[in-house]
Amino acid sequence: MSPVSRSRKPKKKNTKPRRRRASGFDMVFTHAAQLSSLLEARTWASGVLGLLRWRAWESQDEPEQVMHTAVSELLDELGRVGGTAGMAAARAFSLVGDEEQRADFHHVAEDLALAGVPEPEWFPGYRPAGLAGAYSVTDSAGDLEVIVLDYRDHFVGAVVDHLGIVNVPEIRVGTSAETNGPDFAKELASIIWPDPTPVRVSAAQVRERIVGPLTQLLLNGPTAHAELIEGEQANNATMGLALLEAVVDELPEEPPAADEPDLVELFVAGDVPDKDLARSWALFVTDDALANGRADDSFSVRYAEALLFDRMVPTYRLDDADLAPLAEVVRAWARFVHIDSDDKLPELLDEFATAYRTYDVPDQRLADFRSYHQFRTVTLDDMAFGPVDGEPLPVADLPPLPASATDSAHRLKIKLVNGSPRAWRRVEVRSTITLGELHQVIQRLFGWDDDHLWKFATDAYHFGPIDHDPWQASLGQVADAGDMVGYVFDFGDNWTHRIDVEAVVPAGGSYPRCTGGAHGDPEQYPDWDDDHPPRPGKFDLAAVNARLTGR
């Protein structure tokens, strides 16, 4: 259990006066007072936030929540310290990180300014840095790319892995006194290629290529490149992430091209053996490419390996009878995007078929791949990032509740996909039930304490206390027979549930009602909680229904 996601028992007060304990940020403010230039301030602030993120990734708790808590503590300390050191730190931190984070530090600085604290000499006010140019070096398949942004007096460069496994594993900052933009790009790219040739790209192209990988890295951490948290702090790429966040946020978005042909439909209209499977594959590849900042028609054997083994094997169900047709579809896609000369693809597809059949826990796969084009599943891993401040958003553009919903019920199988044993419950609820009410039903089904944040993931939105308003959306609006919805409770332990809509049936009798299940209520705090007695190991249908009805 994450100690930041549950309050501890109150401790007895010590009546003796105590000295104020030195803040963990005292050294931070000492350094802030010595900043002398805008570039120094931005790189310094990025390094401090990078160190906090590094520690969050190293912790055993939910990294985003740990990071959120650390930044909140830093904001509190800034307000307490005040003075020129506090002002310098607040202005420096307001120039890096995401938009919400920058705004929080800006408000602290404005409060200090109102109190009469002078601005640091190096602070120019808030205006976008003047981008003189951008350069890219990439391999022929688009798997790896070096991107450099030239701001005349300094450069920001990053190595981006568009396979979606590593993402932004290196970041460097240089100055014009040392080199120029193209040479800085060549120097950074030389760690990958012996004789790199930079090409000029637009600011909008840079944004398109780096936003997805950077976002995934920040949310998921360095899943494949442990050296991001194992290397020396001084040379660690994590120290530049907050600067890169702010820089990318200032870049313009690429306007959509007019009358651009739909790549998926062009592929499906061609000579493919199975149209449904072909559409699912094409959407799967292009969705993934968008998330990883690569062109939707860029493909390689390395990228195929990442798609098949890292995304498809553990995530999507596929009948044995579909393995051969899928291999044909993948080969057709390779020809469609002009890499049909690579003789390693057939061997890779044979390895995939073997790996798929021998995967250890196939029952954890989230959705049927053949129907990906009908229901582009939000994976449950995408739901399990930490909470942020804010009010639930209003729901827009949801389809209206079907008229038949007033006389129908949804039969659901809800399975806990982490923890041991993996308890499940079958329950029937009215189709008109809101997702907020369904949350309460799930809490009672599994005996959860309802003392943490939670969220649902559907094809359209995330719903929960910090997302779209779950009390404005009905189950009948977001899920029909055969659909899957994800539900996560407690962003520290991430109790993740898969909800399958087994059927929509005519209503009759009282709801909600549990009709089956397996295993007793899971232990919510199995490692350290002594506040609750052990829970029964067997499923008790009568006890569960008593909780549902409040009897």
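We now turn to the structure provided with this report. What you see is a predicted model, and the numbers here were worked out from it, not measured in a lab.

### Brief notes about a negative patch on the surface
Logical step 1: Together, Glu305, Asp310, Asp343, Glu347, Asp350 and Glu351 make up a negatively charged patch on the protein surface.
Logical step 2: Secondary-structure elements contributing two or more residues to the negative patch are helix 12 (301–315) and helix 14 (345–357).
Logical step 3: Position of Asp350 among the secondary structure elements: in helix 14.

### Points about unusual backbone geometry
Logical step 1: Of note, the amide linkage connecting Tyr511 to Pro512 takes the cis form, showing an omega dihedral of -5°.
Logical step 2: With respect to the element layout, Pro512 can be found in the loop between strand 13 (495–506) and strand 14 (513–518).
Logical step 3: Backbone geometry at Arg152 places phi at a positive 70°, although glycine is not the residue there.
Logical step 4: Relative to the helices and strands, Arg152 resides in the loop between strand 2 (144–150) and strand 3 (154–161).
Logical step 5: A positive phi angle, close to 55°, is found at Asp450, a residue other than glycine.
Logical step 6: If you trace the backbone, Asp450 turns up in the loop between helix 16 (435–446) and strand 10 (454–457).

### Side note on empty space enclosed by the protein
Logical step 1: Under the criterion given, the structure shown has 2 cavities of 30 Å³ or more.
Logical step 2: Roughly 50 Å³ of volume is contained in the largest cavity.
Logical step 3: Listed by contribution, the elements that provide at least two residues to the lining of the largest cavity are helix 2 (38–58) and helix 9 (241–249).
Logical step 4: In terms of residue class, the lining of the largest cavity is built from 4 nonpolar, 3 polar and 2 charged.
Logical step 5: In this model, the second largest cavity occupies a volume close to 30 Å³.

### Some remarks on the pattern of salt bridges
Proximity of charged atoms lets side chains of opposite charge pair with each other.
Logical step 1: Considering all chains together, one arrives at 21 salt bridges under this definition.
Logical step 2: In this structure, Glu77 engages Arg80 in a salt bridge whose closest nitrogen and oxygen atoms are separated by 2.7 Å. Residue Glu77 and its partner Arg80 are both found in helix 3 (residues 63–81); the two are separated by 3 residues, about one turn of the helix.
Logical step 3: Residue Asp322 pairs with Arg370 through a salt bridge whose shortest N-O separation is 2.8 Å. Taken as a pair, Asp322 in helix 13 (residues 320–336) and Arg370 in the loop between strand 7 (367–368) and helix 15 (380–383) lie far apart in primary sequence, 48 residues in all.
Logical step 4: Arg370 sits in the partly exposed class, given a relative accessible area of 23%.
Logical step 5: Where salt bridges share partners, they join Arg91, Glu110 and Glu119 into one cluster.

### Here's the deal with helix 6 (residues 181–189)
Logical step 1: Along helix 6, the positions that sit buried rather than exposed are Gly181, Phe184, Ala185, Leu188 and Ala189. Projected down its long axis, helix 6 shows its buried positions confined to an angular sector of 130°, all on one face.
Logical step 2: Against strand 1 (133–138), strand 2, strand 3 and strand 4 (170–175) lie the buried residues of helix 6.
Logical step 3: Two or three places before Asp183, at the opening of helix 6, Asn180 has a side-chain oxygen 2.8 Å from that residue's backbone nitrogen.

### A short note on the sheet that holds strand 8 (residues 408–416)
Logical step 1: Strand order in the open sheet formed by 7 strands is 11-10-12-13-8-9-14, and the pairing between neighbours is antiparallel. Because the sheet does not close on itself, it has two edges, and the strands there are strand 11 (462–463) and strand 14.
Logical step 2: The pairing of strand 8 with strand 13 spans 9 bridges and is antiparallel. Directly across from Lys413, in strand 13, lies its bridge partner Asp500.
Logical step 3: Sheet contacts for helix 16: strand 8, strand 9 (424–430), strand 10, strand 11, strand 12 (484–489), strand 13 and strand 14; angle to strand 10, the most-contacted strand, approximately 115°.
Logical step 4: Of the strands in this sheet, strand 9 and strand 14 touch helix 18 (residues 541–549), which is tilted by about 140° from strand 14.

### Looking at the nonpolar core
Logical step 1: Judged by nonpolar contacts, the single largest core of 59 residues is most densely connected at Trp44, Leu49, Phe93 and Leu244.
Logical step 2: Residues contacting Leu244, with those up to four places away along its chain left out, are Val156, Ala158, Val168, Ile171, Ile210 and Leu214.
Logical step 3: Core analysis: the next-biggest nonpolar cluster, separate from the first, contains 41 residues, Val268, Trp281, Tyr303 and Leu307 among them.

Cut-offs and rules
- Residues numbered from 1 in each chain as written.
- Predicted model: local features only at pLDDT ≥ 70, side-chain atom pairs only at ≥ 80, totals over all residues.
- Heavy atoms only, no water.
- Patch = residues over 30% accessible without salt bridge, like charges linked within 9 Å, V, L, I, M, F, W, Y side chains within 5 Å.
- Areas by Shrake-Rupley, 256 points an atom, 1.4 Å probe, with all protein chains shown as cover.
- Salt bridge = Lys/Arg side-chain N within 4 Å of Asp/Glu carboxyl O.
- Lys, Arg positive; Asp, Glu negative; His and termini not counted.
- Charge placed at Lys NZ, Arg CZ, Asp CG, Glu CD.
- Helix = DSSP H or I, 4+ residues; strand = E, 2+ residues; numbered from the N terminus.
- 1 Å grid on protein atoms, 1.4 Å probe; cavity = no way out; pocket = protein on both sides within 12 Å on 5 of 7 lines; lining within 4 Å.
- Points joined across faces, edges and corners; volume = space filled by probe spheres on them.
- Nonpolar A, V, L, I, M, F, W, Y, C, P; charged D, E, K, R; others polar.
- Buried < 20%, exposed > 50% of the residue type's maximum accessible area, 1.4 Å probe, protein only.
- Arc of directions from axis to C-beta.
- Contact = heavy atoms within 4.5 Å.
- Polar contact = N/O pair within 3.5 Å; in protein donor to acceptor, adjacent residues only side chain to side chain.
- Pairing = 2+ DSSP bridges.
- Axes fitted to C-alpha atoms, helices over the stretch in contact; angles between N-to-C directions.
- Core = buried A, V, L, I, M, F, W, Y, C linked by side-chain atoms within 4.5 Å.

Just distances and angles here, no functional claims.
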